[in-house]
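The primary structure of each chain is shown beneath.
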Amino acid sequence: MFDIGVNLTSTQFASDRQKVVKRARDAGVTGMLITGTNALESQQAQRLAEDQAGFCWSTAGVHPHHASEWSTEIASTLRRLAEKPEVVAIGECGLDFNRNLSAHEQQEYAFDAQLALAAELNMPVFLHCREAHARFAAVLAPWLPKLPGAVIHCFTGTRDELEACLGMGLSVGITGWVCDERRGLELRELLPLIPADRLLLETDAPYLLPRDMRPRPTSRRNEPCFLPHIVHQVATWRGESAEELATRIDHNARTLFRLA
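Cut-offs used in this document
Residues numbered from 1 in each chain as written. Predicted model: local features only at pLDDT ≥ 70, side-chain atom pairs only at ≥ 80, totals over all residues. Heavy atoms only, no water. UniProt positions renumbered as here; feature names shortened; annotations may be inferred. Axes fitted to C-alpha atoms, helices over the stretch in contact; angles between N-to-C directions. Helix = DSSP H or I, 4+ residues; strand = E, 2+ residues; numbered from the N terminus. Parallel < 35°, antiparallel > 145°, perpendicular 65-115°, else oblique. Left-handed = near helix turned anticlockwise from the far one by under 90°. Contact = heavy atoms within 4.5 Å. Nonpolar A, V, L, I, M, F, W, Y, C, P; charged D, E, K, R; others polar. Pairing = 2+ DSSP bridges.

For the chain, the name recorded in an unreviewed UniProt entry is 3'-5' ssDNA/RNA exonuclease TatD, with Enterobacter agglomerans as its organism. UniProt, in its Subunit (unreviewed entry) section for the chain, records the words "Monomer."

Right, dumping it as structure tokens:
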């Protein structure tokens, strides 16, 4: 089972990153994609992936929260990182009209620029969309024919939005949000609609600790070693075998990100 979204650069992992990776391996996780959300963290993610070659890979990108930082220098940094064998996708990029930490215009500009970079380099994209579906789709659509693949990370949208994303050919990343009995029920109902070859799972660690884990971890910090719980729950709600789902999501991740 492959975890496509781990924020291993987070300071929450500063004291025990190597142990976090070991716990993931021991739990049966077969690979991890470390998320880059700005130029510095993308560089850190690449170095962490390099240290765990063959088990970890990384993305290089600028999250919409950091879109106001976009510059030609940052674009050059991402381009250099993309030459590294550990860097297998451009992103996390997209739009976030929920927190609006960067202006909408800045977000759209940085998103479009990263899509252009991915198209030029023939790399898949790791996407973010929150409360911005219409503009997200409008910016993304012209680039899709030029991209080798794309996944919308941490999908929490509506049925209409899911069907639109699937219609655009996107893969869909599901996190432990779906395990939340307060916020995840609608998403849980949508799980059977995702084709088996388009489904990817992720922890988004250290965020989004599954609320239905028993016994509940003493720390509120999520870890990639909890991915098996998400796999089990998603398999149950889809009416599938957890073992088959674990194998499928590993295959899907390796296919999308073109891993050996």
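Engineer: Can you break down the packing of helix α2 (residues 39–51) against helix α3 (residues 72–82) residue by residue, with the values?
Structural biologist: Their axes nearest at 10 Å, the elements α2 and α3 cross at an angle of 15 degrees. As far as their axial angle goes, α3 and α2 are roughly parallel. Crossing geometry of α2 relative to α3 is assigned as left-handed. The residues of α3 that touch α2, namely those facing A39, S42, Q43 and Q46, are I74, T77, L78 and L81. Residues belonging to the contact of α2 with α3 are distributed by class as follows: 4 nonpolar, 4 polar and no charged.

Engineer: Let's hear about the sheet that holds strand β7 (residues 171–174): which residues, and what values?
Structural biologist: Ordered in space as β1-β2-β3-β4-β5-β6-β7-β8, the 8 strands form an open sheet in which the pairing is parallel. In the strand order of this sheet, the two ends are held by β1 (2–6) and β8 (199–201), each with one partner. Within the sheet, the average angular offset between the axes of one strand and its neighbour, ignoring direction, is 30 degrees. Two strands pair when backbone bridges link them, and strand β5 (residues 125–130) and strand β6 (residues 150–152) are joined in this way by 3 bridges, in the parallel orientation. The partner of V125 across the bridge, within β6, is A150. Its contacts with the sheet put α2 on β2 (31–34), β3 (56–60) and β4 (87–96), and the angle it makes with β3 is roughly 165 degrees. Packed onto the sheet, helix α5 (residues 133–140) meets β4, β5 and β6 and runs at close to 150 degrees relative to β5.

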